[in-house]
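A look at the structure
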Amino acid sequence: MHKDLQSLITLQESDSKLSRAVAEKKILPERMAKLETAYLESKKEFDQFQNSFNDLKNQYRDKERQLKQGHDDLRKAKDRLESVKNNKEYQAILKEIEGIQQKKEDVELEGIMLLDVIDKKSEELKEQEKSFQGVEGKYEHDRAFIMDELQKLDQRMETCQQENDSLRAAAAEALVKKYDAIRKLCRDVVVVPVRKEVCQGCHMNIPPQMYNELQTSAALMSCPHCNRIIYREEPPENAGSG
Ligand SMILES: [Zn+2]
């Protein structure tokens, strides 16, 4: 194979490796962002559940306070009953006591109902806690994996770039210029094989005479349709070892 052709193919492989790395480098942060979003979503859900549970507990504490207050009010009212001066006042305090009793009973009932809900929710909270721990563990794991991939990718890119730089430095400047110009136009491969008179870059037929010349030409040849640098993929069966 032509010496220049071989170095261009090597450069092309190196360029492809670099573009793949660049594409990956773009994808990894996107994956990371998706991961973060999903994790934060789960965390928000769990926090909300936990907050509503704490809210219930606060409501229950409030009932306990109200109950204690009712107890105190009741004791004070009963004390007042002992120093009552007339029947009217007596009746009024009795009515007051009845009111306090009723309120106490209501609060007690509300407290019992709250306790019931808290019991059920605390079971659910345990489940949610367990499942969130799982989510958190997977998140940490995946995050560490992506960070590691990013680091490895950076190292790989650096090596690729060094390799690419030295390949470009080693090749003839004019050749690299031509290669880069075609690459800019074609966006992908620059050096392509020709199989059975068909250019593998644009899949068009090249003239038979040109196909024959490909075997013997000392200069690099280009496809007349897509301008890519072409070569015959396999030497004809009847050719010697040259
Ligand atoms: Zn072509």
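Report follows, based on the coordinates. This one's a predicted model, so the numbers in the text were calculated from it and none came from an experiment. (Residues numbered from 1 in each chain as written. Predicted model: local features only at pLDDT ≥ 70, side-chain atom pairs only at ≥ 80, totals over all residues. Heavy atoms only, no water.)

**Topic: the coordination of the zinc ion**
Each donor-metal-donor angle in an ideal tetrahedron of four donors is 109.5 degrees, and each such angle in an ideal octahedron of six donors is either 90 or 180 degrees. Worth spelling out the cut-off: Note on donors: an N, O or S atom is included if it sits within 2.8 Å of the metal, or within 3.2 Å for Na, K and Ca, and water is never included, so sites can look incomplete. Numbering goes from the N terminus for both helices and strands, where a helix is a DSSP run of H or I of at least four residues and a strand is a run of E of at least two. Per-residue accessibility, obtained with a 1.4 Å probe over protein chains only, is compared with the maximum for each type, and a residue is labelled buried under 20%, exposed over 50%, and partly exposed between these values.
Around the zinc ion, the protein contributes the donor atoms C199 (SG), C202 (SG), C223 (SG) and C226 (SG), which lie 2.2 to 2.3 Å from the metal centre. Considered as a linear motif, the donors of the zinc ion on their single chain read C-x2-C-x20-C-x2-C. Taken as a pair, C202 in the loop between β2 (198-199) and α4 (208-216) and C223 in the loop between β3 (221-222) and β4 (229-232) lie far apart in primary sequence, 21 residues in all. Look at C202 and you get partly exposed, because its relative accessible area is 24%. For C223, a relative accessible area of 2% gives the class buried.

**Side note on the environment of Q200**
The condition is simple: Here a residue-residue contact requires only that any non-hydrogen atoms of the pair lie within 4.5 Å. Under the rule applied, a polar contact is a pair of N or O atoms within 3.5 Å (in protein, one hydrogen donor and one hydrogen acceptor; residues adjacent in sequence only if both atoms are side-chain atoms).
Mapped onto the fold, Q200 is located in the loop between β2 and α4. Residues Q200 and R228 lie 28 residues apart in sequence; the distance between their C-alpha atoms is 9.6 Å. Ignoring any residue separated from it by four or fewer positions in sequence, one finds Q200 in contact with V192, P193 and R195. A distance of 3.4 Å separates a polar atom in the side chain of Q200 from a polar atom in the side chain of R195. Here the side chain of Q200 touches V198 through a polar contact of 3.1 Å, landing on its backbone oxygen.

**Some words on the sheet that holds β3**
Hydrogen bonds between backbone groups are what pair the strands of a sheet, and the pairing can be parallel or antiparallel. The criterion, for reference: Two strands qualify as a pair provided that DSSP identifies no fewer than 2 bridges between them.
A sheet is described by the order of its strands in space; here 4 strands give the open sequence β2-β1-β4-β3, paired in mixed fashion. Either end of the sheet is taken by a strand with one partner, and the two such strands are β2 and β3. Sheet topology places strand β1 (residues 191-195) next to β2; 2 bridges connect them, and they run antiparallel. Bridge pairing in β2 places V194 opposite C199.

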